[in-house]
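So you can see what is in the structure, the chains are spelled out below.
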Amino acid sequence: MYDTAKTESALDQTETKISARNVQVYYGDTHAIKDVNVEIEDKTVTAFIGPSGCGKSTFLRCLNRMNDTIDICRVTGDILLDGEDIYDPKVDPVQLRAKVGMVFQKPNPFPKSIYDNIAYGPRIHGLARNKAELDEIVEKSLRRGAIWDEVKDRLDAPGTGLSGGQQQRLCIARAIATEPEVLLMDEPCSALDPIATAQVEELIDELRQSYSVVIVTHSMQQAARVSQKTAFFHLGHLVEYGETGQIFTNPEDPRTESYITGRIG
Amino acid sequence: MTDTSQQGGGPAAPARKHGETLMKLTARTKRRNAAERRFQAYGIAAIGVGLLMLVILVVNIFGNGMGAFTQTFITLDVHLDQSKLDKKGNRDLEDIKKVSTFGYAPLINRAFETKAADLDLKSGLKPKAMADLLSKSAAAQLRDYVLADPARIGQTVSFRFLANSRVDGYMKGRVSRESIANDKNISAAQLDLVDELIAEGTVRRTFNPAFIFGADASDQRPEAAGIGVSMLGSLFMMVVVLALALPIGVAASIYLEEFAAKNWLTDIIEVNISNLAAVPSIVFGILGLAVFINYMHLPMSAPLVGGLVLTLMTLPTIIISTRASLKSVPPSIRDAALGVGASKMQAVFHHVLPLAAPGILTGTIIGLAQALGETAPLLLIGMVGFIASNAPDGVAAGLMSPNSAMPAQIYEWAKRADPAFYERAWGGIIILLVFLITMNTLAVILRRRFERRW
Ligand SMILES: Nc1ncnc2c1ncn2[C@@H]1O[C@H](COP(=O)(O)OP(=O)(O)OP(=O)(O)O)[C@@H](O)[C@H]1O
Ligand SMILES: [Mg+2]
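Residues numbered from 1 in each chain as written. Chains lettered and ligands numbered in written order. Predicted model: local features only at pLDDT ≥ 70, side-chain atom pairs only at ≥ 80, totals over all residues. Heavy atoms only, no water.

Things to note about the overall build of chain A
Keep this limit in mind: In this text, helices come from DSSP runs of H or I with a minimum length of four residues, and strands from runs of E with a minimum of two, each type numbered from the N-terminal end. Working definition: with a 1.4 Å probe on protein chains only, accessible area under 20% of the residue-type maximum means buried, over 50% means exposed, and in between means partly exposed. Contacts: residue pairs with any heavy atoms within 4.5 Å of one another. Where accessible areas are quoted, they stem from the Shrake-Rupley method and a 1.4 Å probe; at the residue level, only the protein chains shown are allowed to cover. Counting rule applied: Lys, Arg positive; Asp, Glu negative; His and chain ends not counted. Working definition for charges: the position is that of NZ of Lys, CZ of Arg, CG of Asp or CD of Glu.
In terms of helices and strands, chain A carries 11 helices and 10 strands. With respect to the three principal axes, the spread of C-alpha positions in chain A is 55 × 45 × 35 Å. In chain A, buried positions account for 54% of the 265 residues. A sequence separation of at least 24 residues applies to 67% of the contacts in chain A between residues at least 6 apart. Surface summary for chain A: the accessible area is close to 11,500 Å², and the carbon and sulfur share equals 47%. If the 29 positive side-chain charges of chain A are averaged to one point and the 40 negative ones to another, these points end up 4 Å apart.

See below:
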């Protein structure tokens, strides 16, 4: 449905959105991320791939400081968003997370109405001045989340009553309702059927126009379809990072090659 | 896993044969099924024993206590003689107040005399002996009635007197002609009179709201005792407990559960809270005595002090149940809120707390129900044994003026010698149980109603 050729157009001048330097993450004594350096570009979809437990989620959660909520987690090194260190003591993680949105692996809608699920973020950030504006944001986000047609007649129904795939699209819509600059997605399609997956992938491709999107995935095909850049993690190391086409057709590192061809993982 | 690997360890395990029929149970399956049936039988037996105990308890309580809700009354036509009650005849309230209950006794005697003459009774009892059928508070009852409206002086009114506890007991079957042999409070002749009056409709047993709403009475007048005032005492204590324990408990739990770092200090606090929940309630009583009364000089026997002591006792219950219900909210909800840029406090107050609320409420109600039935700590702060004769007027008085509490009142009644009080103790237990069952039902309903799926 999506060919990699299309995604490589119009990417001549790219800016770095996030740059990570010498990032180490420890869970207590476990060294989960080892010396990762990476430049994530703006208006680009970057895929994180790698075997289970290699630290993809951990690194992703560093990018919006969700790891702060884990007591034993310790992060060192620098992560810069638009050149500003997000781990600087002056930075409030709450403000950061409004800029860097996140979609989790397991759909986690609030046990509230569909409307309130979407409206919650805009409300706490004061993005709407009145009900009409809020309605507009809700509709726009649900449309972009490719779920509007399914829920437009039951916005008052609880979000938890939707199917797993619908819930995940609701969560994506919720994440983009706050107009983040970066969208982090941790295996967003692991609970979705092929049709919903295709819709989400289409959505990701569209989001690329305005955001920088980072997606963790276990599906090589998905990484190849939606991303322009791919990072391969292995045992906490960033083994290889480059153009998606390059990684999948001509990887430099033997570990990357064996993973892609299905020998480790 | 192959067949050979399974057989390696056990001694001579029979090989599983393929192609065996499913229609015949193997010995192993039979044994397993028998074990399961045995276990179910134990369970049913256990439930049966429990239910039997409950039925015995309930039957006992209601059998003994229902009598307290009805009371025997004697209705007489009393002439409110002006020459006795208001000699000057100018209806001056101050003058009328000067007539003590002794001044009213002759009126009651006269009323009995008239009654006896009307019915042509030949009991031969003196009017004084007839009037002894009434409660010792009969004259005071009549005096209150007159003082409430002095214009009644001079009229003949039909007045419903409380019968004394022996007559009441006779009506309820507690007192019989055999049992009064050594009782100098009532004679067989008096019971004959009662029989005649019953036949004629003057002596009646009816529902007695004064038991539920009235104040306790002295040892001599069990027929006049009610639980209402100590119910108010309990109510004011519960208000104090709710107003203090709920906010303090919930705030402490939220802090401990959501904000506090997990280190040795919070571990110690956690252990101490659990220990506190297991501390015998009388310890809280002596603490209350030392701190609130001896040190802070709050009044003895005041519901405020009782409420403070019970707050200490209820806090651990509320904290433990609140923390449990906060814990049961899935972390993914917190992640979701933080992920869209909510602060920690917003995540807690907008999402976690509403989901935990039913659990918190349930815990609070159960804590309150425990506190409501608690007697031991009240012993030490003087709420047991104190008899408040009037309902407090106003909230301040309700909190500060000495009072009793329902369980303390029940204990007090059970302690007294007269069997009429024994009946009232059981009656009090019925009222207390009604409160407790209502509260627990409320807790269950709340839990059912707000139960959520995620
Ligand atoms: N909360 C935690 N506490 C302790 N260790 C953790 C925690 N979360 C992750 N880890 C450890 O960090 C390492 C990386 O985990 P991470 O969740 O990032 O893997 P992943 O690449 O996302 O795997 P998957 O593809 O299965 O989701 C693992 O070894 C894991 O055991
Ligand atoms: Mg993961």
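The discussion continues.
Looking at the domain arrangement of chain B
All names here are of chain B. Applicable threshold: Either an automatic procedure or a domain database provided the assignment from which the domain bounds are taken. Whenever Lys or Arg places a side-chain nitrogen within 4 Å of a carboxyl oxygen from Asp or Glu, that contact is recorded as a salt bridge.
Once the domains are mapped, chain B shows domain 1 (70-207) and domain 2 (228-450). Computed over C-alpha atoms only, the centres of domain 1 and domain 2 are separated by 46 Å. Contacts between domain 1 and domain 2 engage 6 residues on the former and 5 residues on the latter. Summed over the shared surface of domain 1 and domain 2, the number is 3 salt bridges.

Digging into the UniProt feature "domain: ABC transporter" (unreviewed entry) in chain A
Counted only if it meets this: UniProt positions are given in the numbering used here, feature names are shortened, and annotations may be inferred rather than shown by experiment.
Here the UniProt feature "domain: ABC transporter" (unreviewed entry) sits at residues 18-260 of chain A. Helix makes up 38% of residues 18-260 of chain A and strand 27%, whereas the separation of the span's terminal C-alpha atoms amounts to 26 Å.

Side note on a nonpolar patch on the surface
Residues and elements named next belong to chain B. Rule in force here: Patches here: salt-bridge-free residues with over 30% relative accessible area, like charges joined within 9 Å, nonpolar side chains (Val, Leu, Ile, Met, Phe, Trp, Tyr) joined within 5 Å.
On the surface, I282, V283, I286, L287, V291, Y295, M296, L379 and Y411 cluster together into a nonpolar patch covering about 840 Å² of accessible area. If one sorts the elements of the nonpolar patch by residue count, helix α13 (residues 281-295) sits on top with 6 residues. Within the element layout of this structure, L379 appears in helix α17 (residues 376-380).

Looking at the interface of chain B and chain A
As a reminder, the rule being used: Two parts placed together each lose some accessible area under a 1.4 Å probe, and the buried area is that loss summed for both. Between N or O atoms, a polar contact is any pair within 3.5 Å; within protein, one atom must be a potential hydrogen donor and the other a potential acceptor, and residues adjacent in sequence are included only when both atoms are from side chains. All amino acids are sorted into three groups, where Ala, Val, Leu, Ile, Met, Phe, Trp, Tyr, Cys and Pro are nonpolar, Asp, Glu, Lys and Arg are charged, and the leftover types, Gly among them, are polar.
Contacts between chain B and chain A engage 19 residues on the former and 23 residues on the latter. A buried area of about 1,700 Å², summed over both sides, lies between chain B and chain A, and 62% of it is on carbon and sulfur atoms. The interface formed by chain B and chain A contains 0 salt bridges. For the interface between chain B and chain A, the tally reads 4 residue pairs in polar contact (both at pLDDT 80 or more). Broken down by secondary-structure element, the contributors of at least two residues to the side of chain B that touches chain A are α15 (331-339) and α16 (344-372) of chain B. The element best represented in the side of chain B that touches chain A is α15(B), accounting for 7 residues. Considered class by class, the residues forming the side of chain B that touches chain A number 8 nonpolar, 7 polar and 4 charged.

Points about the UniProt feature "transmembrane region" (unreviewed entry) in chain B
Residue and element names in this part refer to chain B. Feature annotation in UniProt places "transmembrane region" (unreviewed entry) on residues 39-62, 235-256, 276-298, 304-326, 347-369 and 425-446, given in this structure's numbering. Annotation note: span residues 39-62, helix share 100%, strand share 0%, distance between end C-alpha atoms 35 Å. Annotation note: span residues 425-446, helix share 100%, strand share 0%, distance between end C-alpha atoms 31 Å.

Considerations on the packing of α16(B) against helix α20 (residues 419-450) of chain B
All names here are of chain B. For the record, the criterion: A fitted line through C-alpha atoms represents every axis, and for helices the fit uses only the stretch in contact; the resulting angles, taken between N-to-C directions, go from 0 to 180 degrees. For classification purposes, angles smaller than 35 degrees are called roughly parallel, those larger than 145 roughly antiparallel, those between 65 and 115 roughly perpendicular, and all remaining angles oblique.
Two numbers describe how α16 lies on α20: the axes approach to 9 Å, and their chain directions differ by 170 degrees. Classified by the interaxial angle, the pair formed by α16 and α20 is roughly antiparallel. Here P358, L361, T362, I365, I366, L368, A369 and L372 of α16 come into contact with α20, specifically with L432, F435, L436, M439, N440, L442, A443, L446, R447 and F450. Classifying every residue of the contact of α16 with α20 by side-chain character gives 15 nonpolar, 2 polar and 1 charged.

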